[in-house]
Amino acid sequence: NRNEISFSGSVGQVEYAFKTEIHNYTIRGEQHFANAMDVSLPAAFSQQVLGVRGLDSFAPKPHIQPAPRVTSNLSGNHFLAPGDFWTIYNVPHTTYTGAGQSIAIIGQTTINTSDLDTFRTNSGLPLTSASNFQQVQVGGTATLCSGDQGEADLDLEWSNAVAPQAKIIYVFAGVNSGGSCTNRSNNVFDALQDAITNNRAPIISISYGNCEANLGSFVMTLQQWAQQANVQGQTISGPSGDQGAADCESATATSATHGLAVDVPAAIPEVTGVGGSELTGDTSQCANNSCPASGSPADSPYWSGSSSLTSGASALTYIAETTWNDTTSGGPLSSTGGGASSVFGKPSWQTGSGVPADGKRDVPDIALNASPAHDPYLTCGPGDCTNGFRDASNNYAAVGGTSAGAPTFAGILALINEATSSSGLGNVNPMLYSLAANNSSNNAFHDVSSGNNKVPCTTGSTNCPSGTTSIGFSAGAVYDQTTGLGSLNVANLITAWMGVTPSTDFSISGANSTVAAAGGTGTSTITITALNGFTGTVNLTCSPSSATAQITCSLNQTSLDMSTGTTNGTKTATLSMVTVADLQMPSHWQRRGTWFGATGGLFAAVLLGGVSSRRRWLGLLGFFVVVVVLVGVACGGGGGSSVKKTQGTPAGSYTVTVKATSGSTTHTTNVSLTVQ
């Protein structure tokens, strides 16, 4: 797509070219290499470079949460088969099946296609024809990676469970030469780029991610890919993460130490972030130990109970939801991701009741069932499903995590594409927030207003001050940073979607910025994205939120013609935010002393440079005596020694509002500037 340059070289050449060092690391028992410090680039073209990839072997991790392998008659649990999902979220599976639609599933392992066939058989779905399933290998060697296989099975099986007749294109990254499944430079993000560059399908589901801080400048590269995808009509669905509001923690962490963080790619404004909810309708859990001999218990009015070896659908209706949070004391963090981006400013379309006025992109956008401990999703993988959904030990294989929401929402998107006869919806977030604003009439969303994604934190660590035991957010009415706009009533969502005639429009977004101290200048890239064929001219203005903030702003371009010369349907302008430094105004005598000191040094260098060594030292001694006397006079008592100070921009966070206007349409975005 002419947005990247590929290069190769020895470690020494790379270190020299980018002024960094490459080291080997052992982290949690895994071997990796990575650059030890940020790369540096020549100033002449540094502003044109979004990031440098391939300098490390850290692959993003799947957001899947395996459930304990137990038999339902012993645990009293319910498990979701495709029919249960259809019922709970009112999927019109007899009207829309995803026929004629395509979904690209992103992965980094080979798979056993027989597992997919078994899942469909157990779910009562017809087997997928060869023409409706395709595999695309991206680089490296095709390798079966056990740590990724469960994720691939979940994504492939459940995207097709929601849209049974949609074509599934599995785009997976091979392992690069010299690498391994846990130590690789060719990974799932390469597969994502391939799906976008080659426009593989109008819907893309990726269940992998990492926190913003871990990805550094690569976040902006991912956004550029997502922008290109949107312009091509592609919609990207991604999970919000499984470590609650502390996404930078490892999968085994029991207490947060890195502070609040959100997951990428879900936090990118051009991606729909899917959070996690938990069903609440089976509290009896086999009351009075009356579980059936096999299958799932009956829990009226939500579950009929089932003793079928294939665990046929037993959900009877929509089941009220709460925020998914299975975190227990001393156990690993296990909760839906959510919060505010530290990179992306608030996109103009992210408005509505409950949306924080924080000037930042908030996630997630929506939520679907995700708890691995409470009503998880049934899957079929290696050794599973030898007798219906049960294995040889009579156990179910079931999973949860926000990675279950990404492929199921991708299936829902396929149904929307089918219903609207669309060849690709692009960024669906503006439509989702628009429809949510009218939810009282269209009933497209189930508001999830209880629970939280708070997780334990270590006292004294980032965002965990003394006296604090947890960090995170609580659910509330309409939008919140745990389950977004809520879960979906799919039939109502499709009806509401079809009732809207898309109009040409544009969106505006910006990136937040930080300066090390007062006196610095922060910059932000302001992005205007055309929606539904918009080709007008957008005029830009900026203003600080407070006239007393001691911040001025300017834009390098104030008018953007979107009819020509766009990149991925976007054009950008650079916002400059100038802060004021603390000023110290010396007195007249102090300035004189400074002048004498400086010119005296030059005088000594010139006049004493050609004399003998002994005479030079005597002359220098005399010169220093004179300087000391002059400095003493300049710095002595009296009114002439006073220093006047002018307070600059205090440390803190400030907001600059950028307004974009085209005709009668105006959108704004708030950019946060932090002065340290």
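Attention in this report is confined to the structure presented alongside it. (Residues numbered from 1 in each chain as written. Predicted model: local features only at pLDDT ≥ 70, side-chain atom pairs only at ≥ 80, totals over all residues. Heavy atoms only, no water.)

### A word on the overall build of the protein
A tally of helices and strands in the protein yields 15 helices and 33 strands. Counting across all 676 residues of the protein, residues that qualify as buried make up 51%. Once local pairs closer than 6 in sequence are excluded, the contacts in the protein between residues at least 24 apart make up 76%. Here the protein has roughly 28,000 Å² of accessible surface; of this, 52% comes from carbon and sulfur atoms. (Helix = DSSP H or I, 4+ residues; strand = E, 2+ residues; numbered from the N terminus. Buried < 20%, exposed > 50% of the residue type's maximum accessible area, 1.4 Å probe, protein only. Contact = heavy atoms within 4.5 Å. Areas by Shrake-Rupley, 256 points an atom, 1.4 Å probe, with all protein chains shown as cover.)

### Some thoughts on the packing of helix 10 (residues 405–420) against helix 13 (residues 490–498)
Where helix 10 meets helix 13, the axes come as close as 10 Å, and the angle between the chain directions of the two elements is 40°. The angle between the axes of helix 10 and helix 13 places the two elements in the oblique class. Crossing geometry of helix 10 relative to helix 13 is assigned as right-handed. Each of Ile412, Leu415, Ile416, Ala419 and Thr420 in helix 10 lies in contact with helix 13, whose residues at this interface are Val490, Leu493, Ile494, Trp497 and Met498. The residue makeup of the contact of helix 10 with helix 13, split by class, is nine nonpolar, one polar and no charged. (Axes fitted to C-alpha atoms, helices over the stretch in contact; angles between N-to-C directions. Parallel < 35°, antiparallel > 145°, perpendicular 65-115°, else oblique. Left-handed = near helix turned anticlockwise from the far one by under 90°. Nonpolar A, V, L, I, M, F, W, Y, C, P; charged D, E, K, R; others polar.)

### Topic: the nonpolar core
Side chains of a nonpolar character, in soluble globular proteins, are inclined to be buried together. Counting residues in each nonpolar core, the largest one holds 70 residues, and the members touching the most others are Phe85, Phe409, Ile412, Leu432, Phe445 and Leu493. Ranked by residues supplied to this core, first place goes to helix 10 with eight residues. Look past the residues within four positions of Phe445 in its chain and what remains in contact with it is Ile366, Leu432, Leu435, Ala436, Asn439, Leu485, Ser487, Leu488 and Leu493. By size, the runner-up hydrophobic cluster in this structure holds 33 residues, among which are Ala104, Ile196, Val219 and Ala229. (Core = buried A, V, L, I, M, F, W, Y, C linked by side-chain atoms within 4.5 Å.)

### Remarks on the sheet that holds strand 17 (residues 377–378)
The three strands lie next to each other as 4-18-17, forming an open sheet whose pairing is antiparallel. Taken across any chain shown, the strands that pair with only one partner, and hence form the sheet edges, are strand 4 (65–66) and strand 17. Alignment of strand 17 against strand 18 (residues 398–400), held across two bridges, turns out to be antiparallel. Among the inter-strand pairings, Tyr377 is bridged to a residue of strand 18, identified as Val399. (Pairing = 2+ DSSP bridges.)

### Quick look at helix 9 (residues 218–231)
Between the first and last C-alpha of helix 9 there are 20 Å, a value that for 14 residues agrees with the 20 Å anticipated at 1.5 Å per step. In terms of residue burial, helix 9 counts as a mostly covered element, since 12 of its 14 residues are buried. Taken together, the buried positions of helix 9 are occupied by Phe218, Val219, Thr221, Leu222, Gln223, Gln224, Trp225, Ala226, Gln227, Gln228, Ala229 and Asn230. Following helix 9 by one or two positions, Gly233 has its phi on the positive side, about 90°. (Expected span 1.5 Å × (residues − 1).)

### Considering the state of the cysteines
Evaluation of the coordinates by the stated rule reveals five disulfides. The disulfide partner of Cys457 is Cys464, and the gap between their sulfur atoms is 2.1 Å. Judged by the sign of its S-S torsion, about 65°, the cystine formed by Cys457 and Cys464 is right-handed. Residue Cys457 is classed as buried on the basis of its relative accessible area of 8%. (Disulfide = S-S within 2.5 Å.)

### Section: the packing of aromatic side chains
Using the criterion set out here, one finds 14 aromatic pairs in the structure. For the ring pair Phe119 and Phe389, a centre distance of 5.9 Å and an interplane angle of 70° mean the geometry is edge-to-face. Placement of the pair is Phe119 in helix 5 (residues 113–122) and Phe389 in the loop between strand 17 and strand 18, with a sequence separation of 270 residues. When sorted by exposure, Phe119 lands in the same class as Phe389, which is buried. (Phe/Tyr/Trp six-rings, centres within 6.5 Å; stacked < 30°, edge-to-face > 60°.)

### So, the pairing of strand 12 (residues 272–279)
Burial runs high along strand 12: eight of the eight residues are buried. Neither face of strand 12 is exposed, since Thr272, Val274, Gly276 and Glu278 on one face and Gly273, Gly275, Ser277 and Leu279 on the opposite face are all buried. Sheet analysis places strand 10 (residues 235–239) next to strand 12, joined by three bridges and oriented parallel. Bridge pairing in strand 12 places Ser237 opposite Thr272. Sheet analysis places strand 12 next to strand 16 (residues 366–369), joined by four bridges and oriented parallel. Of the residues in strand 16, the one forming a bridge with Val274 is Ile366. Here strand 12 runs beside strand 13 (residues 321–323); their pairing, made up of three bridges, is antiparallel. By the bridge assignment, Leu279 is partnered in strand 13 with Glu321.

### Considerations on the side chain of Ser672
Here Ser672 shows up in strand 33 (residues 665–675). You can call Ser672 buried: its relative accessible area is 9%.

### Details of the side chain of Gln193
Inspection of the secondary structure assignment puts Gln193 in helix 7 (residues 188–197). Each residue touching Gln193, except ones within four places of it in the same chain, is listed here: Glu4, Arg53 and Trp225.

### A closer look at the pattern of salt bridges
What the rule picks out here adds up to six salt bridges. With a closest N to O distance of 3.3 Å, Arg53 and Asp190 form a salt bridge. Taken as a pair, Arg53 in the loop between helix 2 (43–46) and strand 3 (61–62) and Asp190 in helix 7 lie far apart in primary sequence, 137 residues in all. Since its relative accessible area comes to 26%, Arg53 is described here as partly exposed. For Asp190, a relative accessible area of 14% puts it in the buried group. The shortest N-O distance in the salt bridge between Lys346 and Asp358 comes to 2.9 Å. Pair noted here: Lys346 is in the loop between strand 14 (339–345) and strand 15 (360–363) and Asp358 is in the loop between strand 14 and strand 15, with a separation of 12 residues, a long-range link. One network of salt bridges, with partners in common, ties together Lys346, Asp358 and Asp362. (Salt bridge = Lys/Arg side-chain N within 4 Å of Asp/Glu carboxyl O.)

### Some remarks on the sheet that holds strand 27 (residues 551–555)
The sheet built from four strands is open, its strands ordered 23-25-29-27 with antiparallel pairing. Sheet topology places strand 23 (505–510) and strand 27 at the edges, where each strand pairs with a single neighbour. Adjacent strand axes in the sheet meet at a mean angle of 25°, parallel and antiparallel pairs treated alike. Sheet topology places strand 27 next to strand 29 (residues 570–579); five bridges connect them, and they run antiparallel. Within the sheet, the bridge partner assigned to Cys553 lies in strand 29 and is Met577.

Keep in mind that these numbers describe shape and distance, not what the molecule does.
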